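Architecture at a glance
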Amino acid sequence: SLSTGLDLPGRFLFATLTLMTLIAILVFIEEAVYIYRKIPSSKRSIIIWINAAAPVISTTSCIGMWVPRSTMFTDFTAGIFFAIVIHKFLLMMIKECGGQKLLLRRFENSRFTISTGPCCCCCLCLPRVPITRQTLFWLKLGTFQFAVFRPVLIFLSIVLWTNGNYVLYNLSPKGPAIWISCFIGVLTLFALWAVGIMFRKVRILLTCKNIIPKFALYQFIVILNHLQTAVINILATQKIIPCAPPLSSTARGSYIAQQLLIMEMFLITVISRVVYRRKYHDLEPPECVAEEPEDKKQTP
């Protein structure tokens, strides 16, 4: 195996990254116990799911680093888990507003701005959509479809891979990898678009619950887990990342991506503990909320 052929600096790096992964897991377990004891049951499981995203990605990256042949399975596991987390984040924003009924009462005369990223940030001419039960259903469907279809597509990829038909770095139009990747990319954009529409509407109302730092952490996980890994894989397939025997270019790119993710997810885990551990007051009922901006600033 690769670990037996490492020199002293390589062994130190592997040991340090493994220790960071173990610390991230312990921090998450401690945080999960705190959430289970202190957070109301209606929000408990959602917040635990969201907090688990960074430790799970760190763990799968660590396993892939030690067992190179498991990389495809670990990447797919992290992808499936994060697809569910995107749906959970949308549900968390609705829960923090008091649930769907209270959210509809708070914004009964308001509208969603759908000209937002990542799909329609340049389409400023798009109409604003009334906030109704039906539009909330479509937003939840936008993230739910990703949580359902991505595991199905990943399962299909694994079946094709075991049969020798799916090659991850083969971007030929004749191969299934490019088509499955493009379809997953479209589903991802729609899911992120739904979350962006909801966040743009509730960010001022939920400022008292630190929704902006929470959304920033979620965005960092999206960018690092998807965009950063994709860029490194493209550089590796184009031989821009040179091979270093016994590692090929693609294998070395995979190692670089995994090691970066372990360090980044460790930092996000620690920061998430600080952001989510604070005690936040529940929002007042809609009829008690003042309309003036000055009064909104005084919300605890």
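The name recorded for the protein chain in an unreviewed UniProt entry is OSTA protein, from Menura novaehollandiae. Regarding the protein chain, the relevant UniProt record gives this comment under Subcellular location (unreviewed entry): "Membrane".

Quick notes on a nonpolar patch on the surface
Among the surface-exposed residues, F137, W138, L141, F144, V148, F149 and V152 lie close enough to one another that they form a single nonpolar patch of about 670 Å² accessible area. Along the chain, the position of F149 falls in helix α5 (residues 133–162).

Things to note about the nonpolar core
Of all hydrophobic cores here, the largest spans 63 residues; its most connected members are F89, M93, L103, M198 and Y218. With nine residues, the next largest nonpolar core counts M20, C62, I262 and F266 among its residues.

Some thoughts on the UniProt feature "transmembrane region" (unreviewed entry) in the protein chain
Mapped onto the present numbering, the UniProt feature "transmembrane region" (unreviewed entry) falls at residues 12–34, 46–67, 73–94, 137–161, 176–195, 215–236 and 256–276. The distance from the first to the last C-alpha atom of residues 12–34 is 33 Å, and the span holds 100% helix and 0% strand. The distance from the first to the last C-alpha atom of residues 215–236 is 31 Å, and the span holds 100% helix and 0% strand.

A closer look at the environment of A32
Locating A32 in the fold gives a position in helix α1 (residues 8–38). Separated by 20 residues in the primary sequence, A32 and A52 have C-alpha atoms spaced 8.6 Å apart.

Thoughts on helix α2 (residues 41–66)
The end-to-end C-alpha separation of α2 is 38 Å, in line with the 38 Å expected for 26 residues at 1.5 Å each. Along α2, the largest kink reaches about 35° and is centred on A53; proline P55 follows within four residues of it.

Points about the packing of aromatic side chains
One pass over the structure, following the stated rule, counts 11 aromatic pairs. For the pair F73 and W161, a centre-to-centre distance of 5.2 Å together with 80° between the ring planes defines the contact as edge-to-face. One end of the pair, F73, is in helix α3 (residues 71–96); the other, W161, is in helix α5, with 88 residues separating them in the sequence. Centre to centre, the rings of F89 and F215 are 6.1 Å apart; their planes meet at 50°, and the pair counts as tilted. On the criterion of sequence distance, the pair formed by F89 in helix α3 and F215 in helix α7 (residues 211–237) is long-range, its members being 126 residues apart. Take F89: its relative accessible area is 0%, and that puts it in the buried class. Ring pairs connect the aromatic residues F82, F89, F199, F215 and Y218, which therefore count as one cluster. Sitting above the plane of the Y36 ring, R44 keeps its charged end 4.6 Å from the centroid. Between the NZ or CZ atom of R277 and the centre of the ring of Y34, over which it lies, the distance is 4.0 Å.

Some remarks on the pattern of salt bridges
Charged atoms that come close allow side chains of opposite charge to pair. Within the structure shown, the criterion is met by six salt bridges. Among the ionic pairs, R273 bridges to E30, the shortest N-O distance being 3.0 Å. Taken together, the residues R273 in helix α8 (residues 249–277) and E30 in helix α1 connect sequence positions 243 residues apart. The exposure class assigned to R273 is partly exposed, which follows from its relative accessible area of 28%. Ionic pairing is found between K43 and E96, a salt bridge with its closest N-O pair at 3.1 Å.

Rules of the game
Residues numbered from 1 in each chain as written. Predicted model: local features only at pLDDT ≥ 70, side-chain atom pairs only at ≥ 80, totals over all residues. Heavy atoms only, no water. UniProt positions renumbered as here; feature names shortened; annotations may be inferred. Patch = residues over 30% accessible without salt bridge, like charges linked within 9 Å, V, L, I, M, F, W, Y side chains within 5 Å. Areas by Shrake-Rupley, 256 points an atom, 1.4 Å probe, with all protein chains shown as cover. Salt bridge = Lys/Arg side-chain N within 4 Å of Asp/Glu carboxyl O. Helix = DSSP H or I, 4+ residues; strand = E, 2+ residues; numbered from the N terminus. Core = buried A, V, L, I, M, F, W, Y, C linked by side-chain atoms within 4.5 Å. Buried < 20%, exposed > 50% of the residue type's maximum accessible area, 1.4 Å probe, protein only. Expected span 1.5 Å × (residues − 1). Bend = angle between axes of the 7 residues up to and from the residue. Phe/Tyr/Trp six-rings, centres within 6.5 Å; stacked < 30°, edge-to-face > 60°. Lys NZ or Arg CZ within 6 Å of the ring centre and 35° of its normal.

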